[in-house]
Amino acid sequence: MRGMKQLKMTRTVRRWLTYGCLTCLTGLLLLVGPMVQRAVSEVTPPEVTLPVVAAAPPASFPGATPDDGSTAADSLAKRVLLGKQHYQNSQFAAAIQIWEQLLPSAAATETVQLYRYLSIAHQDLGQWAEAERRLAEAFAQTSSDPLTQAQLLNTRGRLQFNQGQAEAALESWAAAATLYQQLNDAQGIALSQINQAQALRSLGQYRRAQQLLSRLQDQLELLDDPVLTVALKRSLSLTLMTAGDLNEAQRLLLDSLALAPDVETAAATRYQLGRVYEALEQPAEALEQFAIASRSLNLRTATESELAELRLLTTHDPAAAASRIMSLRSRLLQLPPSRWSLYGQIHLVESWRQLLSASSTFSSAAPSTARLLAQTVQQARAIEDARAEALALVALGQLYERTQQWSDGLALTEDAIALATPRQAEDILVKAQWQRGRLLKAQGQTDKAISAYSAAVDQLQQVRQDLVAMNPEVQFSFRDQVEPIYRELTQLLLENAHSLPLPQQQQPLRAARDTIEALQLAELQNFFREACRNYSSQSIDTIDQGAAVVYAIVLDNSLEVIFSRPDQPLQHHHTELTETALTETFTELRQSLNPAFLASESLPPSQRVYDWLVRPFETELQETQTLVFVLDDILRDVPMAVLHDGQQYLIEKYAVVLTPGLQLFESEPLTGKNLSLLAGGLTEARQGFSSLPGVAEEIDKIRQKVSGQTLVDERFTRDRIQTQLAEKSFSVVHFGTHGQFSSNFAETFLLTWDSRMGIQDLRQWLPQGQTPLELLILSACQTAKGDSRATLGLAGLTLQAGARSTIATLWAVQDRSTAELMAAVYDGLVNPSSSRAVALQQAQQQMLNSEAFSHPYYWSGFVLVGNWL
């Protein structure tokens, strides 16, 4: 049988080489075998994430360097170093073979180190059981020598980290640092702490990672060790990149360039600097850095820089990219097979595919790209690197998908899944299961496609810490690589739901609702670049019997609405609607809310949105007091209060609430609580923003209703706000100041007298673990112009500030009307029988019925986000 398989493979190869036929590759690729390593990044190779420092076996091998000229010792040392050379070339199986052969003749001390090296190499092959066995043997044979113990703890931390156990890895690396401190080993301390920072990044704890590395930076400057200092600054820059502070990351890398002790260190730094410029959307500067780094004598640095340069040129100069494809392909194929060279081939095909996608030549060029990927698969199998093999199979399956060869593409994709599943390669599984779902859908196998998409979403939930810890390039592609998985699954679940009997609709409706809430959470995680707090899912039945929830979901050419009431089955309404029609209605509605237009001019678009979202469920809403909206896409920036049924505005019938999802906010009534207030704001023009004279009146009026502290104008500074929040727990914080909500984390801010406050500032200043902030009120902020996802910033500010709910404005409202509305809001908040939602509803009704401020501009832009009780 084995001979028959080999014969079949040979014939397949011959046919493929003769005809260049894409379909004929399937037989060849079905024969490859499993072995996969889990990595932190999604579809990009590990080199884009800072590797664990000092993970590779060191150049010096304790006890192996000959000091007496003996042939045996000299041979042993050379063999150890030969294994290290193989390792550094990512030829892990060859390194393992050499080190295994040395074990019988090695002394006790040398044996411990060999076991450690073997554990590291097995980790890189994803052979976790063997890696653990070798590490256990090293621990069993080692003495109480603290240096050796520290080295082994570092290796254990690496193993734990690579298996997704970031918290355990953090403990191991902290223990290693403690031993290095006992030895006064500054280098060991530094390397262990840099590793700890990597674990903290993976856990989404960027501030802790930054603080750790900043303290270490101060210590290293005293040691005057340029090698360690450059390594530290590069690690710190990566932390800052993933936390969104690209300018500071850039500054650190420029500092590193000035300190680089040699040309090759400088080249590696330039490569990372190029990635920062790329994230900053400065392609010319990025291309310059990649071009310089590509001249490195280090083959890996040079090749990776050329690939990065090619990726940028694909978008910004396709002609230049096309001229480089073939030469870079030839160079990659001439390299000895290694992990990074195989990843390079996969990345090259991706750039090639993007170039071809913009032209009509894809079909004719597909066999050439397939040929390269088939060679990548063969090389990966030869060096026993199943991760590269799985990635190449996924990429090849995608080529089959593009040429509509569904069955062959599915077979390759399922092979990749078989490789990745037992090795916990969740990042590959996300991409592969998504691809499998698309291929099954194309073949009309809807149930199996739903199962594949669901598996992809489950994997995304498992790797969400890793997902948000990715490099900025991957985060930047959230809308291309993550969001579509949720949306396509939701579309499959709802595709025929409206045609089913109500009992049969419940399972797909529940699944679609849960999927869209999971997408909202993933968006916020991507916005923060860290994982959100863990909340338990809550049913509307347990929160408020008088409320109903409307989930509005924007899909391709349709608007889907899922309606939920306590103790009632879910309901669904489907509207055929193009993206153009939705956008036109949204634009018309937002423009008509300008006071330059008559109030009646907003009625046609507001009634259309009402017909889409609310009218189908009017019968079920008869006993509802509060309408909770979980909105999607462009609808998030539509003020629901202004929807009109032809007779009344929505706010005249219901209290209106926005939430990204019921699981994200704690539910506890505000009624009956004694409110303590911190109120502050600006009345004068500051930092290029206009004056807000009505803020003084606003704060005076609310101080008459709730006791508390006030900070106005020159007292409304960052330091004073921080001090007040640190000294006392307030139930309500009210800021009347300019601010902006944006889908860009760094561009969501509140203006102070002397500076600005960001989301992280409020999170850091508000007491943690104490009574949570019940209500954050921001009375003069607005969503960023032209930003269709700006309310992410509003929801993000609410969550990160630890507030149960927030009242804010979608646009900058006239400050006199705001003072009136806010005074009415506090009348409701101090009323023991009134909820937060009702307090805002009554205030908006009061404005609507007033002579001066009845236009929707003055009242509809105020929204309540979060807990409404």
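For the structure, check the block above.
Just so we're clear, the structure is a prediction, and the values are computed from it rather than from any experiment.

**A closer look at the overall build of the protein**
Tallying secondary structure elements over the protein gives 37 helices and 15 strands in all. Across the protein, every contact between residues at least 6 apart in sequence was considered, and the portion connecting residues at least 24 apart equals 71%. Carbon together with sulfur atoms contributes 48% to the accessible area of the protein, which is approximately 34000 Å² in total.

**Observations concerning the packing of helix α13 (residues 263-279) against helix α15 (residues 299-316)**
Axis separation between α13 and α15 bottoms out at 10 Å; the angle between their running directions is 20°. Our classification of the angle between α13 and α15 gives roughly parallel. Helix-helix and strand crossings are classified by hand; for α13 and α15 the assignment is left-handed. Only Thr301, Glu304, Ser305, Ala308, Arg311 and Leu312 of α15 make contact with α13, whose side of the interface consists of Ala267, Ala268, Tyr271, Arg275 and Glu278. A per-class count over the contact of α13 with α15 returns five nonpolar, two polar and four charged.

**A closer look at the sheet that holds strand β11 (residues 756-758)**
Taken together, four strands build an open sheet; the order of strands is β11-β10-β9-β13 and the sheet is mixed. Each edge of the open sheet carries a strand with a single partner, namely β11 and β13 (781-783). Neighbour-to-neighbour, the strand axes of this sheet turn through a mean angle of 20°, independent of strand direction.

**Remarks on the pattern of salt bridges**
Scanning the model with the defined rule gives 29 salt bridges in all. The salt bridge involving Glu304 is made with Arg300; its shortest N-O contact spans 2.9 Å. Here the residue Glu304 and the residue Arg300 both occupy positions in helix α15, the gap between them amounting to four residues, near one helical turn. We classify Arg300 as partly exposed; its relative accessible area is 29%. Taking the shortest distance from any N to any O, the salt bridge between Glu309 and Arg324 comes out at 2.9 Å. Here Arg324 lies in helix α16 (residues 318-334) and Glu309 lies in helix α15, a separation of 15 residues in the sequence.

**Details of empty space enclosed by the protein**
Within this structure, the stated rule accounts for seven cavities of 30 Å³ or more. Lining the largest cavity are 13 residues, with Arg636, Leu658, Thr659, Pro660 and Thr791 sitting closest to its centre. Elements that contribute at least two residues to the lining of the largest cavity include exactly α27 (502-528) and α34 (791-800). The element contributing the most residues to the lining of the largest cavity is α34, with four residues.

**Here's the deal with the pairing of strand β4 (residues 626-630)**
The buried count for β4 comes to five of five residues, which makes it a mostly enclosed element. Here β4 shows a buried face lined by Thr626, Val628 and Val630 and a second buried face lined by Leu627 and Phe629. Here strand β1 (residues 547-555) pairs with β4 via five bridges, running parallel. If you follow Val549 over to β4, its bridge partner there is Val628. In this structure, β4 lies alongside strand β5 (residues 655-658), joined through four bridges in parallel fashion. Pairing of Thr626 across the sheet is with Ala655, part of β5.

Criteria and cut-off values
- Residues numbered from 1 in each chain as written.
- Predicted model: local features only at pLDDT ≥ 70, side-chain atom pairs only at ≥ 80, totals over all residues.
- Heavy atoms only, no water.
- Helix = DSSP H or I, 4+ residues; strand = E, 2+ residues; numbered from the N terminus.
- Contact = heavy atoms within 4.5 Å.
- Areas by Shrake-Rupley, 256 points an atom, 1.4 Å probe, with all protein chains shown as cover.
- Axes fitted to C-alpha atoms, helices over the stretch in contact; angles between N-to-C directions.
- Parallel < 35°, antiparallel > 145°, perpendicular 65-115°, else oblique.
- Left-handed = near helix turned anticlockwise from the far one by under 90°.
- Nonpolar A, V, L, I, M, F, W, Y, C, P; charged D, E, K, R; others polar.
- Pairing = 2+ DSSP bridges.
- Salt bridge = Lys/Arg side-chain N within 4 Å of Asp/Glu carboxyl O.
- Buried < 20%, exposed > 50% of the residue type's maximum accessible area, 1.4 Å probe, protein only.
- 1 Å grid on protein atoms, 1.4 Å probe; cavity = no way out; pocket = protein on both sides within 12 Å on 5 of 7 lines; lining within 4 Å.
- Points joined across faces, edges and corners; volume = space filled by probe spheres on them.

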